[in-house]
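Chain by chain, the residues:
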Amino acid sequence: MAKFDIIAATGCPTGIAHTFMAKEALEKAAAERGLTIKVETHGQVGVENELTKSEIAGAKAVVVAADKDVQAERFAGKPMVSVGVSKALSVEAAGKLIDRALAAKSDGTVAAAADVEDEVEEKESIGHVIYKHLMNGVSHMLVFVVAGGVLTAVSFLWGITSFDSTASDYNSFAAMLKIIGGIAMNLMVPVLSAYIAESIGKRPALVPGFVAGMIAIQGLPVNAETGMIDAGGAGVGFGFLGGIVGGFLAGYVILLLEKVFAGLPKNLDGLKAIFLYPLFSTAIVGLAMLGISGPMAAINTAMMDFLKGLSASGAVVLGLAIGCMCAFDMGGPVNKAAYVTGTAMLTEALAAGVGTDTYNFGTNFMAAVSAACIVPPLITTFAVVVGKKYFSQEDHDAGIVNLILGCTHITEGAIPFMTKNIWPVMPIMMLGSSIASILTIMFNVHDPAPHGGFLVLPVVENGPLWVLAILIGAVVGGILFVAFKKYDFEKNQKAAPAVRPVEAPKAAAVEAPKAEAADFVKVENVFVAEDFASRDEALSFVSNQAVKAGIAGDADAVMNAFLAREAEGTTGMMEGFAIPHAKSDAITEAAVIVVKDESGVTGWDTMDGAPVNVAIALLIPGAQAGTTHLKILSKVAEALMDEDFRATVKGSTDAAEIAKTINARLI
């Protein structure tokens, strides 16, 4: 059985994009560090690449990047980092997680190397815990919504009343599709509630969770004549909000019962699971849900009225709210809030029936949400085609793939583009999505299907206008994105000659792929007998030496780049090493500068708390992301995993030997 240095589990609410983006990022980050890794994915098709008990036992550390339950209790006792899946969508972020997981091994704590902000997250804030449980319910619910909604929508192809046996356009097959779709849609809230509960209280919580969900859609039955509680009466449901409340209630009731029954003899564990937990939890949760049915129904009605009130304020107000929410985090909690609200409105619409005001509002709202979700990836497709020279080949290829993702209502493909330049790309995406949403509402488009993108066009009322609205949003956003990339490209091109006009030919020669790794680290850039009072003094020394060596043109700009990187997370490693790195337009040559301080630089946060004796500083031109030099420089971090390499560099006082040792690892 193969053993792995790192094992990981990834999972996002929909299990379509984030899950596998995080997997790829973790695998690339591990490869850069010379580590073996196995990543288990919890996607929409279930668990893939499942970790075995022996693989878990043999791993050095664990990374969990998930917004749903991935059974992290399996990893108890292992050094572990646990974050939301959005924290592992880039290779750099994934690498930080791996480093922190490995660092946890040294002192037995989770994420010992975390910076202040991430350290709070590693301990799983209350907000992240709640979000994770909620998204576990949403991920299980979505497939019911999609299947039920699309089948119901397809039934309308035979006519909007084809399910009604008294109507002139009645069709028995359409009626059966409507019945099946309706059953699937009606399961939405119970499944949401049950799997929120399951995420909290595991399998015992499923029973009270399902019961809570059923009560949420049925309400408290009351006899219309007597006004009293009556099992044969009718109640007012309180929708998906009630399902959320019921799910959390059921999960935590199970945790409470586990404590209450903890004193029972071990041989009664079977009785607890099959009798005590389901009986008491169902009774407690059921009574509580029935008791709050009135207030919850009022809250649910108020929320729907608020959304309809936004609509009354005009298409611009409602469309702007929908577009900004959907494009803000593209598959994250804000996006999911908009989408789940849309599916809730659609559920109400389908239940009300074709032709009603509720149906018209709900399907129009869903069409606006879908349009807003489709636009961001199409913006990237437009941009990489029209402004091809401003994008790397990797970005160009990703943008082309996004054409397929966007057309099928998968927003997450646009995330890598946004993470590279949150400002101004996020506002551009939000603007494009908002335009599409506003036009969708104005064009009176109605979408009775909750997912599928352009695949459900046959059932969309005013479908051509819907496509037009989406294309307008994508083109406007795409033009703005290209304009930004053009500005950024031209700025980077002008930066190098402006900094060192005399040395430009030399810089170009170094930047060419023909540069030999064998002499990449120059002896004159290795300083072996320095004495620094602080981290910032060491970084300032490196910045000034870079200017003296002709590597950069502005020491302050380089220093600011170093500090900006440190603000994101310390570059202090273990055993006296640090790998500070600066990426700036002021840097004209990719280079390495090495400084040694035998007494140690204090105040530089490291994974093991030891002072830094050796800083291997990486200096990277702003326009060189993904080039040959940057790939060579990435091997420095990998070399630090080698004990012999660390011993040689740390123990030597010969600049030539140190340069030779590092160069040997860059070939």
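Residues numbered from 1 in each chain as written. Predicted model: local features only at pLDDT ≥ 70, side-chain atom pairs only at ≥ 80, totals over all residues. Heavy atoms only, no water.

### Things to note about the overall build of the protein chain
What counts, and what does not: Helical segments are the DSSP runs of H or I of at least four residues, strand segments are the runs of E of at least two, and each set is numbered from the N terminus. Each residue's exposure class comes from its accessible area (1.4 Å probe, protein chains only) as a fraction of the maximum for that residue type: buried when under 20%, exposed when over 50%, partly exposed otherwise. Should any heavy atoms of two residues lie within 4.5 Å, those residues are considered in contact. Accessibility throughout is a Shrake-Rupley quantity obtained with a 1.4 Å probe, and a residue counts as covered only by protein chains that appear here.
Each helix and strand counted, the protein chain has 24 helices and 10 strands in total. For the protein chain, with 667 residues in total, the buried portion stands at 52%. Long-range contacts, defined here as pairs at least 24 residues apart, represent 70% of the contacts in the protein chain between residues at least 6 apart. Approximately 28,300 Å² of the protein chain is accessible, and the part contributed by carbon and sulfur atoms is 64%.

### Points about the packing of helix H23 (residues 643-651) against helix H24 (residues 655-664)
Heads up, the condition is: Here the axes come from fitting lines to C-alpha atoms, over the contacting stretch only for helices, and the angles between their N-to-C directions go from 0 to 180 degrees. Angles are sorted into four bins: roughly parallel if under 35 degrees, roughly antiparallel if over 145, roughly perpendicular if 65 to 115, and oblique for all others. Helix crossings fall into two classes, left-handed where the near helix is turned counterclockwise from the far one by less than a right angle and right-handed where it is turned clockwise. Three classes are used: nonpolar for Ala, Val, Leu, Ile, Met, Phe, Trp, Tyr, Cys and Pro, charged for Asp, Glu, Lys and Arg, and polar for all others, with Gly counted as polar.
Two elements in contact, H23 and H24, have axes separated by 9 Å at closest approach and are oriented at 160°. Judged by the inter-axis angle, H23 sits roughly antiparallel to H24. Where H23 crosses over H24, the handedness of that crossing is left-handed. For the pair H23 and H24, contact is made by Phe645, Thr648 and Val649 and by Glu657, Ile658, Thr661 and Ile662, respectively. When the residues that make up the contact of H23 with H24 are grouped by side-chain class, the tally is 4 nonpolar, 2 polar and 1 charged.

### With respect to the sheet that holds strand E2 (residues 37-43)
So the rule is basically this: When DSSP finds at least two bridges between two strands, those strands are taken to pair.
If you walk across this open sheet you meet the 5 strands as E3-E2-E1-E4-E5, and the pairing is mixed. The open sheet has two edge strands with one neighbour each: strand E3 (46-48) and strand E5 (80-83). Pairwise comparison of adjacent strand axes, ignoring direction, gives a mean angle of 10° for this sheet. Two strands pair when backbone bridges link them, and strand E1 (residues 6-11) and E2 are joined in this way by 6 bridges, in the parallel orientation. Bridge pairing links isoleucine 6 to isoleucine 37 in E2. Contacting E1, E2, E3 and strand E4 (61-66), helix H1 (residues 18-32) crosses the sheet at an angle of about 175° to E2.

### Brief notes about the environment of isoleucine 292
As for its placement among the helices and strands, isoleucine 292 is situated in the loop between helix H10 (269-291) and helix H11 (293-312). Linking isoleucine 292 and glycine 219, residues 73 residues apart in sequence, is a C-alpha distance of 9.3 Å.

### Section: the environment of leucine 563
Position of leucine 563 among the secondary structure elements: in helix H21 (residues 555-568). Its relative accessible area of 28% is what places leucine 563 among the partly exposed residues. In the structure, leucine 563 is positioned 18 residues away from histidine 581 in sequence and 9.2 Å away in space, judged by C-alpha atoms. The contact partners of leucine 563, leaving out residues within four places of it in the chain, are Arg535, Asp536 and Leu539.

### Remarks on the nonpolar core
Put simply, the rule reads: Here, nonpolar core means buried Ala, Val, Leu, Ile, Met, Phe, Trp, Tyr and Cys residues that are tied together by side-chain atoms lying within 4.5 Å of each other.
Within the largest apolar cluster, 60 residues are counted, with the highest numbers of intra-cluster contacts made by Ile98, Trp466 and Phe481. Apart from residues no more than four positions distant in its own chain, tryptophan 466 is found in contact with Ala367, Ser370, Ala371, Ile374, Thr440, Val445, Asp447, Gly453, Phe454, Leu457 and Val460. Ranked by size, the runner-up nonpolar core spans 58 residues in total, among them Met135, Met141, Leu192 and Ala372.

### Regarding the side chain of threonine 343
In this structure, threonine 343 sits in helix H13 (residues 333-352). Every residue in contact with threonine 343, bar those within four places of it in the chain, is listed here: Val145, Met188, Met366 and Pro450.

### Some words on unusual backbone geometry
Residues tryptophan 423 and proline 424 are joined by a peptide bond in cis, for which omega reads 10°. Of note, the phi angle at asparagine 462 is positive, near 65°, even though the residue is not glycine. In this structure asparagine 462 comes out as partly exposed when scored by relative accessible area, which is 31%.

### Let's talk about the pattern of salt bridges
When their charged atoms lie close together, side chains carrying opposite charge are able to pair. Which entries qualify depends on this criterion: Salt bridges are defined as contacts in which a side-chain nitrogen from Lys or Arg sits within 4 Å of a carboxyl oxygen from Asp or Glu.
By the definition in use, this model includes 14 salt bridges. Between arginine 33 and glutamate 32 there is a salt bridge whose closest N-O contact spans 4.0 Å. For glutamate 32, a relative accessible area of 34% translates into the label partly exposed. We note a salt bridge from glutamate 40 to arginine 74, for which the minimum N-O separation is 2.7 Å. Of this pair, glutamate 40 sits in strand E2 while arginine 74 is found in the loop between E4 and E5, placing the two residues 34 residues apart along the sequence. A relative accessible area of 0% means that glutamate 40 is categorised as buried. Relative accessible area serves as the criterion here: at 29%, arginine 74 is assigned to the partly exposed category. In the salt-bridge network here, residues are joined through shared partners; they are Glu32, Arg33 and Asp99.

### A closer look at the packing of aromatic side chains
To describe a pair of aromatic rings, one takes the distance between the centres and the angle between the planes. Let me state the cut-off plainly: Working definition: rings of Phe, Tyr and Trp (its six-membered ring) pair if their centres are within 6.5 Å, and the pair is stacked with planes under 30 degrees apart, edge-to-face with planes over 60 apart, and tilted otherwise.
Under the counting rule described, the total for this entry stands at 13 aromatic pairs. Centroid distance phenylalanine 417 to phenylalanine 481: 6.3 Å. Interplanar angle 80°. Geometry classified as edge-to-face. Of this pair, phenylalanine 417 sits in helix H16 (residues 415-420) while phenylalanine 481 is found in helix H18 (residues 463-499), placing the two residues 64 residues apart along the sequence. The burial state of phenylalanine 417 is the same as that of phenylalanine 481; both residues are buried. Each ring, one from phenylalanine 532 and one from phenylalanine 541, has its centre 5.4 Å from the other, and the planes form 55°; the classification is tilted. Per residue, the accessibility class of phenylalanine 532 equals that of phenylalanine 541, and both read buried. Among the aromatic residues, those joined into a ring-pair cluster are Phe261, Tyr277 and Phe280.

### Side note on the confidence of the model for the protein chain
Applicable threshold: Think of pLDDT as the predictor's per-residue confidence, scored from 0 to 100.
Residues of the protein chain with pLDDT of at least 70 account for 88%, and the chain-wide mean is 83. Taken as a whole, residues 106-122 scores under 50 in pLDDT and shows 38 contacts with residues more than four places along the chain or in a different chain. Contacts from residues 496-517, a stretch scored under 50 in pLDDT, to residues over four places away or in other chains number 30 contacts.

### Section: helix H6 (residues 172-186)
Rule in force here: A helix is expected to span 1.5 Å for every residue after the first. Contacts described as polar in this section are N or O atom pairs within 3.5 Å, which, within protein, must combine one atom able to donate a hydrogen with one able to accept it, while residues neighboring in sequence count only if both atoms come from side chains.
For H6, which comprises 15 residues, the first-to-last C-alpha distance of 21 Å matches the rise-based estimate of 21 Å (1.5 Å per residue) to within 8%. One side-chain oxygen at the N-terminal end of H6 lies 2.9 Å from the backbone nitrogen of phenylalanine 173; it belongs to asparagine 171.

### Concerning the packing of helix H5 (residues 126-155) against helix H9 (residues 239-260)
In the contact formed by H5 and H9, the axes pass within 11 Å of each other and the chain directions differ by 110°. Here H5 lies roughly perpendicular to H9, going by the angle between them. Regarding H5 and H9, the two cross each other, and that crossing is right-handed. On H9, the residues touching Ile130, His133 and Leu134 of H5 are Ile244, Phe248 and Tyr252. Taken together, the residues that form the contact of H5 with H9 break down as 5 nonpolar, 1 polar and no charged.

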